[in-house]
Structure formats: C-alpha cells, structure tokens
Amino acid sequence: MRIFPGNALTCSIASFAAVTLFLGSVALPIPASAFSQLNPPAPQARDTAKSAQQKNEKPIEQALEAPANNALPAPEPLINKQAAQSSGGASSTGKSVEFLFDIDKAPEPVKKLRTAIVEAAASGDLERLRPLMNIGGGLKQTQVTADDPGEDPIKTLHDLSGDPDGIEIQSILLDIMSSGFAHVGQGTPDEVYVWPYFAEKDIKTLSTPEKVDLMRIVTAGDYADMQEFGGYNFYRVGITPDGRWKFFTSGE
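Residues numbered from 1 in each chain as written. Predicted model: local features only at pLDDT ≥ 70, side-chain atom pairs only at ≥ 80, totals over all residues. Heavy atoms only, no water.

> Hey, could you run me through the overall build of the protein chain in this one?
Per the secondary structure count, the protein chain includes nine helices and six strands. Within the span of the protein chain, comprising 252 residues, buried residues form 34% of the whole. (Helix = DSSP H or I, 4+ residues; strand = E, 2+ residues; numbered from the N terminus. Buried < 20%, exposed > 50% of the residue type's maximum accessible area, 1.4 Å probe, protein only.)

Dropping the structure here:
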C-alpha cells in the first residue's frame, strides 16, 4: 500500500499535538488554595490555643453557670427522698444537725455550687474544679489537706488519686455528692452543708438502706474499719450557706 507524504505529515502533527496536550494537563500548576487547606495559617492555631486557655481560666461566676442543653443530670440519693423524712438531733461531733435527702431544701447558692461541682467532676478534667475552689483566696480557699493549706488543691487532688489523670478522685467526689447531706451548726458561724450525710451520723446506728448508701462509696472492709474507728473517716465535702466550697477532705 502506498503512503502519501501529505497523509504522513498530517498524522505526525496530530500525534505531536496530542502528546503536548497530555503533558500540559499533567504539568498544570496546583492552586495555592489547595496548600492552604492542608496547612492552615499559624495565627489561626495560636488563636485556638489562646481561646482554650481563656476557657480554662474563666472566673467562678462563669463556672457556676449551668450548661444550657447538654447538662449532665445531678446524681440523686439512693434513698427515696419522697419517702425519707428529714431528721434532726446532734451530730457525731455534738453540733446540731439536720439530715436531708432533697437538694431543693438547700439554699440556692448551695444548690448552684453542687451542680457546678458535679458537672466539673463528671468531665474527668481536674482543672475544671479550679475556679470553684477560690484558689489564692487565703482562708476562703477550699481546704483539701490540713498539712499545707497554701498548697495548690488541684495538685493535691491529683496526687491523692490512684490514677495518673485524677479520674479516681473525681469519681469519689461524684459518689459523695450523690448522697443525702447534713445541715450542721445552723445559725452559727460554723454553719455548713456536709456530704455525705453519714459523715455526721453515729456509724453504728445506720439503717440497712443507709448502709447500702454508704457502700456505694466505700467497701464492706472500710465500713468494718469505720465501726472500729468510731465514725465515718472517708472523703467529705462542705459547702457554706452562701455557696463557698469550704472543704473536700478525708479523715475524722
């Protein structure tokens, strides 16, 4: 078969054009916007870090504000608060005391702080307790240890926890705040609301439902030790009538 020169030249030109078009499509430059999506500007990252830091440093007034929609339900006492009757008398320390199972019977500042403590402890982040403890407030700072009242209470709680993240101590705090509470020293300068309520009771007089409530927090072995000791000696929380977190301590 004969190949005419004109047809060969036409085929060569068409092939060259096709190769050029292909190489040009491969070598097209990548838009700058694509790189910006892969590597966001550094100032934006710095702004995000700064925002997170400011969030952790919010004042106590903001920390006490209850979350709008995703609030965790506050734990309730195991004992039916409708059936349980408030009782009064003298605490294990001899002070006047009233035992309560309905948080609505506490003053509004006490209720508000309890909710904030529950929300913070349930988050698993110890630092969320910091603005609630009035750290740096001298005698008004939450007492965690009697050995060094000036020590950072968050660091102390971290050291007391059985795990490296402070989860255990926060779980204990949640269990304590889920119990009934005692109103101690009404009308005196030492007036305080104490969780759990059996911290102010004769441990040997607990009813069976109260023992069940206690063993949500401690073991049967702990309870036996408490009977021998003569009183509750695990963690307790104290809140003043004006809503100040007074202590979170263990012992007598």
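> What should I look at first to understand the packing of aromatic side chains in this one?
The relation between two aromatic rings is expressed through the spacing of the ring centres and the mutual angle of the planes. Summed over the entire model, instances satisfying the criterion amount to eight aromatic pairs. Where Y197 meets F198, the ring centres are 4.7 Å apart and the plane angle is 55°; that geometry is what we call tilted. When its relative accessible area of 0% is taken as the criterion, F198 is described as buried. With a centroid separation of 5.7 Å and an interplanar angle of 55°, the aromatic rings of F198 and Y232 are classed as tilted. Taken as a pair, F198 in the loop between β4 (192-195) and α8 (208-214) and Y232 in the loop between α9 (220-229) and β5 (236-239) lie far apart in primary sequence, 34 residues in all. Like F198, the residue Y232 is buried in the burial classification. An aromatic cluster is present here, built from F101, Y197, F198 and Y232 joined pairwise through their rings. Here K201 stacks its cationic end above the ring of F99, 5.0 Å away from the centre of that ring. (Phe/Tyr/Trp six-rings, centres within 6.5 Å; stacked < 30°, edge-to-face > 60°. Lys NZ or Arg CZ within 6 Å of the ring centre and 35° of its normal.)

> Please explain the packing of helix α5 (residues 108-123) against helix α7 (residues 167-177) as it appears in this structure.
Between two packed helices, what matters for the description is the angle formed by their axes and the separation of those axes. One way to put it is that α5 packs onto α7 with a least axis distance of 9 Å and a crossing angle of 145°. Remark: the crossing between α5 and α7 carries left-handed chirality. Of the residues in α7, those touching α5 at R114, I117, V118, A120, A121 and A122 are Q170, L173, L174 and M177. Its residues assigned to classes, the contact of α5 with α7 comprises eight nonpolar, one polar and one charged. (Axes fitted to C-alpha atoms, helices over the stretch in contact; angles between N-to-C directions. Left-handed = near helix turned anticlockwise from the far one by under 90°. Contact = heavy atoms within 4.5 Å. Nonpolar A, V, L, I, M, F, W, Y, C, P; charged D, E, K, R; others polar.)

> Explanation requested: the pattern of salt bridges in the structure shown.
For side chains of opposite charge, pairing can occur when their charged atoms come near one another. Considering all chains together, one arrives at seven salt bridges under this definition. Linking E108 and K111 is a salt bridge whose minimum nitrogen-to-oxygen distance equals 3.4 Å. In this pair, E108 and K111 both sit in helix α5, three residues apart, roughly one turn of the helix. A salt bridge links R130 to D152; the nearest nitrogen and oxygen atoms lie 3.2 Å apart. With R130 in the loop between α5 and α6 (153-160) and D152 in the loop between α5 and α6, the pair connects residues that are 22 residues apart, well separated along the chain. The network of salt bridges with shared partners includes D104, E108 and K111. (Salt bridge = Lys/Arg side-chain N within 4 Å of Asp/Glu carboxyl O.)

> Is there a simple way to explain the confidence of the model for the protein chain in this structure?
When pLDDT drops low, the exact placement of atoms in the prediction is not to be read closely. Averaged over every residue, the pLDDT of the protein chain is 76; the share at 70 or more is 60%. Across the protein chain, the secondary-structure element scoring lowest on mean pLDDT is helix α2 (residues 32-38), at 44, and the one scoring highest is β4, at 98. For residues 1-43, every residue scores under 50 in pLDDT, and the model assigns this stretch two contacts once sequence neighbours within four places are set aside. Note that residues 79-86 has pLDDT below 50 and, in this model, 15 contacts with residues that lie over four places away or in other chains. (pLDDT = per-residue confidence, 0-100.)

> Where do I start with the pairing of strand β6 (residues 245-249) in this structure?
Taken residue by residue, a regular strand's side chains alternate between the two faces of the sheet. Judged by how many residues are buried, β6 sits mostly within the fold: four of five residues are covered. Pairing between β5 and β6: four bridges, direction antiparallel. When the bridges of β6 are listed, V237 appears paired with F248. What sits between β5 and β6 in their antiparallel hairpin is a turn of five residues, with G243 showing a positive phi close to 85°. (Pairing = 2+ DSSP bridges.)

> I keep staring at unusual backbone geometry and nothing clicks. Help me out?
The general pattern is negative phi for most residues beyond glycine and trans for most peptide bonds. Here W195 and P196 are connected by a cis peptide whose omega angle stands at -10°. Here P196 lies in the loop between β4 and α8. One non-glycine residue, N134, lies in the positive phi region at around 50°. Within the secondary structure, N134 sits in the loop between α5 and α6.

> Is there a simple way to think about the nonpolar core in this case?
The nonpolar side chains of a soluble globular protein tend to be buried, and buried together. By size, the foremost hydrophobic cluster in this structure holds 49 residues, and its most contacted members are W195 and W245. Take this core: its biggest share by element is seven residues, from α5. (Core = buried A, V, L, I, M, F, W, Y, C linked by side-chain atoms within 4.5 Å.)

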